[in-house]
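# Coordinate inspection notes
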Amino acid sequence: MQRLVRYVFGAAAISCLVWAFYSIPYDILREERARLYGEVLTSGLVLAVSSDEAGGMPEARLIVEYKYVDPDGYARIASARLPNNMWQKYRPGASIEVIFARTRPDLVRVPDEVEPAFQVWLRGLMD
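Here is a short report on the structure shown in this document. (Residues numbered from 1 in each chain as written. Predicted model: local features only at pLDDT ≥ 70, side-chain atom pairs only at ≥ 80, totals over all residues. Heavy atoms only, no water.)

Turning to the overall build of the chain, a few remarks are in order. Scanning the chain from terminus to terminus reveals three helices and five strands. Along the chain, from the amino end to the carboxyl end, the secondary structure elements read α-α-β-β-β-β-β-α. Taken over C-alpha atoms, the radius of gyration comes to 20 Å for the chain, far larger than the 14 Å a tight globule of 127 residues would show. Dimensions of the chain, computed from C-alpha atoms along their principal axes, come out at roughly 70 × 35 × 20 Å. Within the chain, the proportion of its 127 residues that are buried is 27%. Counting every atom, the chain has about 8,600 Å² of accessible surface; 59% of that belongs to carbon and sulfur. Each charge class in the chain can be summarised by its mean position, and for the 15 positive and 16 negative side chains these summaries are 7 Å apart. (Helix = DSSP H or I, 4+ residues; strand = E, 2+ residues; numbered from the N terminus. Rg over C-alpha atoms; globule rule 2.2 N^0.38 Å. Buried < 20%, exposed > 50% of the residue type's maximum accessible area, 1.4 Å probe, protein only. Areas by Shrake-Rupley, 256 points an atom, 1.4 Å probe, with all protein chains shown as cover. Lys, Arg positive; Asp, Glu negative; His and termini not counted. Charge placed at Lys NZ, Arg CZ, Asp CG, Glu CD.)

The next thing to look at is the sheet that holds strand E1 (residues 39-51). The strand order across the open sheet formed by five strands is E3-E2-E1-E4-E5, and the pairing between neighbours is antiparallel. Pairing within the sheet leaves two strands with one partner each, and these edge strands are strand E3 (75-82) and strand E5 (108-109). Alignment of strand E4 (residues 95-101) against E5, held across two bridges, turns out to be antiparallel. Among the inter-strand pairings, Ile-99 is bridged to a residue of E5, identified as Arg-109. (Pairing = 2+ DSSP bridges.)

As a further point, take the side chain of Asp-70. With respect to the element layout, Asp-70 can be found in the loop between strand E2 (62-69) and E3. For Asp-70, the side chain forms a polar contact with the main-chain nitrogen of Tyr-74, separated by 2.9 Å. For Asp-70, the side chain forms a polar contact with the side chain of Arg-76, separated by 2.8 Å. Look past the residues within four positions of Asp-70 in its chain and what remains in contact with it is Arg-76 and Pro-105. (Polar contact = N/O pair within 3.5 Å; in protein donor to acceptor, adjacent residues only side chain to side chain. Contact = heavy atoms within 4.5 Å.)

Further remarks concern the packing of helix H2 (residues 26-35) against helix H3 (residues 117-126). Axis separation between H2 and H3 bottoms out at 10 Å; the angle between their running directions is 35°. Remark: the crossing between H2 and H3 carries right-handed chirality. Taking contact as the criterion, the partners of Ile-28, Leu-29, Glu-31, Glu-32 and Arg-35 in H2 are, on H3, Phe-118, Gln-119, Leu-122, Arg-123 and Met-126. Residue composition of the contact of H2 with H3, grouped by class: five nonpolar, one polar and four charged. (Axes fitted to C-alpha atoms, helices over the stretch in contact; angles between N-to-C directions. Left-handed = near helix turned anticlockwise from the far one by under 90°. Nonpolar A, V, L, I, M, F, W, Y, C, P; charged D, E, K, R; others polar.)

With the rule as written, the count across this model stands at two aromatic pairs. Both rings, one in Tyr-66 and one in Tyr-68, keep their centres 6.2 Å apart while their planes meet at 40°; by these two values the pair is tilted. With centroids separated by 6.1 Å and ring planes inclined at 25°, the aromatic side chains of Tyr-68 and Phe-100 adopt a geometry described as stacked. Taken as a pair, Tyr-68 in strand E2 and Phe-100 in strand E4 lie far apart in primary sequence, 32 residues in all. Classification of Tyr-68 as buried rests on a relative accessible area of 2%. (Phe/Tyr/Trp six-rings, centres within 6.5 Å; stacked < 30°, edge-to-face > 60°.)

On to a nonpolar patch on the surface. Side chains of Leu-36, Tyr-37, Phe-118, Trp-121, Leu-125 and Met-126 sit close together on the surface and give an oily, nonpolar patch of about 650 Å² of accessible area. Mapped onto the elements of the fold, Leu-36 is located in the loop between H2 and E1. (Patch = residues over 30% accessible without salt bridge, like charges linked within 9 Å, V, L, I, M, F, W, Y side chains within 5 Å. Salt bridge = Lys/Arg side-chain N within 4 Å of Asp/Glu carboxyl O.)

Okay, the environment of Pro-71 next. Summarising the element assignment, Pro-71 is placed in the loop between E2 and E3. Non-local contacts of Pro-71, meaning those with residues more than four positions away in its chain, are made with Phe-100 and Pro-105.

In structure tokens:
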């Protein structure tokens, strides 16, 4: 009987560990690790503005597509999900602040961008 209890507890512990490792968002961890080496502020140009009902974020339906130039001179296009009340600020042709990781210029964000809570918490922890 004691042996069975140990097997059940062992299986439960291993299941919990597997679930925990599966739940960790490694892509967010990699992004924030790249941002630890520093970020650079630049400006970009808003190309298009649209609305998206999907994504599970009803308070952030605004999608802004923008273009910026990285330090190597490459023009890059990216998009950001922003709060609904930003419609007037971000119109096509408007200037937009862009923050990109020094080591990975393709890893960008906008100051008002809505990000997952885990990412915001992790960035606060690392700062």
